[in-house]
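A look at the structure
If you want the building blocks of each chain, they are given just below.
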Amino acid sequence: KVNQALESIAFDSCVKVGDAGCKALAETLKVNQTLRSINLSDCDRIGNEGLNALAKALKNNQRLRVINLSSCQGIGDEGFKALVAALKINHALTILDFSECNGIGDEGCKALGESLTTNCTLTSIDLSYCYGINDAGCKVLVESLKRNEALVSMDLSYCNIGDETCKTLSQSLRANKVLQRVDLIGCNRIGDEGCTALAEGLQSNKALTSIHLTGSSFTDRGAEALSKMLEVNTSLVTLEAGLLLSASGYYREVVKRLKENAILRSVTIPMVLANPMFLTGANVPNQTKEIPDEMKRIIVDFI
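Everything in this summary refers to the structure shown in the same document. (Residues numbered from 1 in each chain as written. Predicted model: local features only at pLDDT ≥ 70, side-chain atom pairs only at ≥ 80, totals over all residues. Heavy atoms only, no water.)

Glancing now at the nonpolar core. Residues Leu 69, Phe 98, Leu 127, Met 154, Leu 156, Leu 184 and Leu 239 are the most contacted members of the largest nonpolar core, which totals 75 residues. Of the residues forming this core, the biggest block, five residues, is contributed by helix α2 (residues 48-58). Apart from the residues within four sequence positions on either side, Leu 127 is in contact with Phe 80, Phe 98, Ser 99, Cys 109, Leu 112, Ile 133, Leu 141, Asp 155, Leu 156 and Cys 159. (Core = buried A, V, L, I, M, F, W, Y, C linked by side-chain atoms within 4.5 Å. Buried < 20%, exposed > 50% of the residue type's maximum accessible area, 1.4 Å probe, protein only. Helix = DSSP H or I, 4+ residues; strand = E, 2+ residues; numbered from the N terminus. Contact = heavy atoms within 4.5 Å.)

Structural data, given as structure tokens:
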């Protein structure tokens, strides 16, 4: 409480740390103004009681940026719901890692989605390997992305989700302008319907640069949808889908389009925007940070 220099604390894999220690730390956070990061991963004795205490502290603390509670098997929906509810008030946290917390399920995921509709600071959430999360909860989470203007990265790998989540995510991607990375690795319930839906959403999305679908169950139909999406999408530079994509007849075209997008984002667009002479006669607003899609394709064809 009196230390004004310490910025990071790591008690990862301290198996004797439990709710009592977490509650004591939470009390400190109510007055501490320097701590930026807490790592309590692999502390299985921390459960809902400890998270309830942290939630109360976060309503006062506006300095902490990172909380890592991955692999804390004692955490369930009750504690997680309390903590993410604090995000409606807290305007400091940017990173939450609850990966491999198998006690978190649909109710906790729904609560996170509700908080993200108003939270404007959280940029990264990791819920990978949370096997208790299904489509019912995840649909509420990805629905919130229609209104959220802060989240940049979302990892839902190995959650028990499939096509229904992808359909809702597709709708959100049409409106979202900030999300850059989505990980859906190992979600083997994602088939052609989900893959096609994602491709449709990405046709109009201009923010997402990376999506990982390795371990999905789509066929050539899904691969074709992804390939056609890249005929108009100019932002995606990483699309991982493992053998399902590389074994399809669309692999070379997908790789070609991704390389074109990479050149656009890293070389061509910065060069063009830095030299107004390239835009002479073009219908591009002053002080723009974006080039019309039709012009991007003309540039790619030219180079």
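To continue, consider the pattern of salt bridges. Applying the stated criterion across every chain yields a total of twelve salt bridges. Notably, a salt bridge pairs Arg 189 with Asp 135, separated by 3.0 Å at the nearest N-O pair. One end of the pair, Arg 189, is in the loop between β7 (181-183) and α7 (192-202); the other, Asp 135, is in helix α5 (residues 135-143), and 54 residues separate them in sequence. Taking relative accessible area as the criterion, Asp 135 reaches 11% and is therefore assigned buried. Residues Arg 181 and Asp 183 are paired through a salt bridge, measuring 2.8 Å at the closest nitrogen-oxygen approach. The class of Arg 181 is partly exposed, set by a relative accessible area of 35%. Note on Asp 183: relative accessible area 5%, which makes it buried. (Salt bridge = Lys/Arg side-chain N within 4 Å of Asp/Glu carboxyl O.)

Another aspect to go through is the side chain of Asn 148. Among the structural elements, Asn 148 can be located in the loop between α5 and β6 (153-155). A distance of 2.9 Å separates the side chain of Asn 148 from the backbone nitrogen of Ala 150, its partner in a polar contact. Here the side chain of Asn 148 touches Leu 151 through a polar contact of 2.7 Å, landing on its backbone nitrogen. Sequence-distant contacts of Asn 148, defined by excluding residues within four places in its chain, comprise Leu 116, Asn 119, Asn 176 and Val 178. (Polar contact = N/O pair within 3.5 Å; in protein donor to acceptor, adjacent residues only side chain to side chain.)

Further remarks concern the environment of Asn 188. Along the chain, Asn 188 falls in the loop between β7 and α7. Of the residues examined, Asn 188 reaches a relative accessible area of 51% and is grouped as exposed. Distance in space between the C-alpha atoms of Asn 188 and Phe 218 is 8.8 Å, their sequence separation being 30 residues. If near-sequence neighbours (up to four positions away) are discounted, Asn 188 is found in contact with Gly 215, Ser 216 and Ser 217.

Relative to the assigned elements, Asp 183 resides in strand β7. Separated by 2.8 Å, the side chains of Asp 183 and Arg 181 make a polar contact. When near neighbours in sequence (up to four residues on either side) are disregarded, Asp 183 contacts Met 154, Asp 155, Leu 156, Ser 157 and His 212.

The subject of this paragraph is the sheet that holds strand β4 (residues 95-97). If you walk across this open sheet you meet the nine strands as β1-β2-β3-β4-β5-β6-β7-β8-β9, and the pairing is parallel. Of all the strands in the sheet, just β1 (8-10) and β9 (238-240) have a single pairing partner and so form its edges. In this sheet, adjacent strand axes meet at a mean angle of 0° when their direction is disregarded. As defined by bridge partners, strand β5 (residues 124-126) adjoins β6 across three bridges and the pair is classed as parallel. Each bridged residue has a counterpart across the sheet, and for Asp 126 the counterpart in β6 is Asp 155. (Pairing = 2+ DSSP bridges. Axes fitted to C-alpha atoms, helices over the stretch in contact; angles between N-to-C directions.)

Applying the stated rule across the entire model yields zero disulfides. Unpaired in terms of disulfides, Cys 22 finds its nearest cysteine sulfur in Cys 72, a separation of 8.4 Å. For Cys 22, a relative accessible area of 1% translates into the label buried. As a non-bridged cysteine, Cys 159 has Cys 130 as the owner of its nearest cysteine sulfur, 5.5 Å distant. (Disulfide = S-S within 2.5 Å.)

Attention shifts here to the packing of aromatic side chains. Counting across every chain of the model gives three aromatic pairs. Consider the rings of Phe 80 and Phe 98, whose centres lie 4.9 Å apart with planes at 80°: the pair is edge-to-face. You can see Phe 80 sitting in helix α3 (residues 77-85) and its partner Phe 98 sitting in the loop between β4 and α4 (106-116), a full 18 residues away along the chain. Side by side, Phe 80 and Phe 98 carry an identical accessibility label, which is buried. Taking 6.3 Å as the distance between ring centres and 80° as the angle between the ring planes, the aromatic pair formed by Tyr 129 and Tyr 131 counts as edge-to-face. (Phe/Tyr/Trp six-rings, centres within 6.5 Å; stacked < 30°, edge-to-face > 60°.)

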